[in-house]
Amino acid sequence: MITHQQDLSIDFCGVRFANPFLLSAAPPTDDMDMVRAAFDAGWAGAVLKTTSVETERVDLVYPMMSAVHYDGRRIMGLGNIDLISEHHIDVVEKRARTLKKEYPDRVVAVSIMGSKKEEWQELVRRLEGAGVDIIECSFSCPQGSMGEEPGAMLAQSIEATERVAGWVKQAAGRCPVVIKITPQVTSIVKVAQAVKRGGADALCAANTIPSLMGVNVDTFVPCPDVHGKSTYSGLSGPATKPITLRTLAEIARNVDLPITATGGPVTWRDAVQMMLVGATTVQFCTAVMHYGFDIIDDLRDGLAFYLQDKGFARPADIIGLALPNIVGHGELPREPRVISSVIEDRCVRCDLCYIACRDGGHQAIQLKKPDRLPTIDPEKCPGCRLCVTVCPADALTMVARPPASTRVS
Ligand SMILES: Cc1cc2nc3c(=O)[nH]c(=O)nc-3n(C[C@H](O)[C@H](O)[C@H](O)COP(=O)(O)O)c2cc1C
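Quick notes on the rules
Residues numbered from 1 in each chain as written. Predicted model: local features only at pLDDT ≥ 70, side-chain atom pairs only at ≥ 80, totals over all residues. Heavy atoms only, no water. Salt bridge = Lys/Arg side-chain N within 4 Å of Asp/Glu carboxyl O. Helix = DSSP H or I, 4+ residues; strand = E, 2+ residues; numbered from the N terminus. Buried < 20%, exposed > 50% of the residue type's maximum accessible area, 1.4 Å probe, protein only. Contact = heavy atoms within 4.5 Å. Axes fitted to C-alpha atoms, helices over the stretch in contact; angles between N-to-C directions. Parallel < 35°, antiparallel > 145°, perpendicular 65-115°, else oblique. Left-handed = near helix turned anticlockwise from the far one by under 90°. Nonpolar A, V, L, I, M, F, W, Y, C, P; charged D, E, K, R; others polar. Pairing = 2+ DSSP bridges. Right-handed = clockwise from strand over helix to strand, strands pointing away.

A. Looking closely at the pattern of salt bridges. Overall, the coordinates contain 20 salt bridges when judged by the stated rule. Asp133 is paired through a salt bridge with Lys100; the nearest N and O atoms lie 2.7 Å apart. With a gap of 33 residues between them, Asp133 in the loop between helix 3 (117–129) and strand 8 (134–138) and Lys100 in helix 2 (residues 89–102) connect regions that are remote in the sequence. Relative accessible area serves as the criterion here: at 16%, Lys100 is assigned to the buried category. A salt bridge links Glu119 to Lys116; its shortest N-O distance comes to 3.4 Å. With relative accessibility at 6%, the residue Glu119 sits in the buried group.

B. The side chain of Asp351, seen in detail. Tracing the backbone shows Asp351 in the loop between strand 15 (338–342) and helix 10 (352–360). With sequence-adjacent residues up to four places away left out, Asp351 is seen in contact with Leu367 and Arg372.

C. Representation of the packing of helix 5 (residues 188–198) against helix 6 (residues 241–254) in the model. It is at 9 Å that the axes of helix 5 and helix 6 come closest, and there the two elements cross at 55°. Taken together, the axes of helix 5 and helix 6 lie oblique to each other. Along this stretch, helix 5 crosses helix 6, giving a crossing that reads as right-handed. Contacts from Ile188, Val189, Ala192 and Gln193 of helix 5 reach helix 6 at Thr247, Glu250, Ile251 and Asn254. Looking at the contact of helix 5 with helix 6 residue by residue, the classes come out as four nonpolar, three polar and one charged.

D. Region of interest: the pairing of strand 4 (residues 45–51). Counting buried residues in strand 4 gives seven out of seven residues, a clear majority hidden from the surface. Of the strand pairs in this sheet, strand 3 (residues 21–23) and strand 4 are connected by two bridges, and their pairing is parallel. Following the sheet pairing, Leu22 is matched in strand 4 by Gly45. Taking the sense of rotation as the criterion, the β-α-β connection linking strand 3, helix 1 (residues 32–41) and strand 4 turns out right-handed. Pairing of strand 4 with strand 7 (residues 107–112), which is carried by five bridges, proceeds in the parallel orientation. Along strand 7, the bridge assignment pairs Ala46 with Val108.

Laid out in structure tokens, this is it:
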């Protein structure tokens, strides 16, 4: 354990987090004892699952989960058809007050959803009165936002996003207001700009992605099978991380608002990547639902090790460092040219690079007799990197393209 030597604290909208890791609004934060267990384990904060003044409309359906399994992993992507919390604001208000008393050094945020101005503003006022640190507004429940068309999310409308963010901010005094948006839009930048125009303090990017998780080919019922019927799920977990990274980067490059990341992190490396493209804090849900609260130990140790190893004093120093390296396709350097190269003693002779290059690349790999060692034809290899991508043994790498006269065939 090296965390005690390293300051992992970070400021988000004037609120101090002991480390950049918190639980997102989801089942792990819908129960007091679970939040207590998370705080005891070391999580810096929690966003209590989305509450409202109209919980009688929260009509849950079971079963509500299904997953994409891949290559031995049970959850590459998790799909849920959950709704917001069944717990009314009356309950959540008390919970927030109690948690703040019991854990004054942890960040207690609450997610809210209303269907009209009065509701949004009542939720804000009551939670501020209960002493919460941050108010997060769900504009992005994949099953639809209250007050919108069925299935439509608030954050899919630029106009509604700006208007409702404005209502919430108008009612808020001390508490920073965070708007949780969906990646399922044509322009994430326009949505983020609408949040800023509405006056909100920060963005939470981004909620689950509307998906159809699979279809049973015998019964023709998609997943999850709810007594012979199904509906679209919200997709979370590792499969969504690349989408989250792009969403974060697009916002961070174009809109000057702090971001709390959500969508796909499992390890400290995932979290660091999210910070490198602009996130200040990183929220976890699926990873905790899969592996439990104790992953916080690895997250803190990993981040502390990374910061020390790279010579950074604090987590805030790494926010956005990868952003200058994201450019348009036309601005990418065309030189120096590279080709792939085989590291002979690592090759396990699986033929995968050969097959991929033969049928999906440039037919630039031959298998040398007598032992089927792949060899690269420099005249045919344009350096696309497909072979490196498929190799299970890290036996291929990219090297500088040799000058024509020195090439061996
Ligand atoms: C079962 C389940 C319920 C969720 N409920 C809520 C919710 O009430 N409000 C909300 O803003 N997000 C909700 N989420 C979304 C999560 O907070 C999180 O943004 C999403 O799962 C992506 O992060 P992850 O890949 O770390 O899971 C829920 C997610 C899951 C899996």
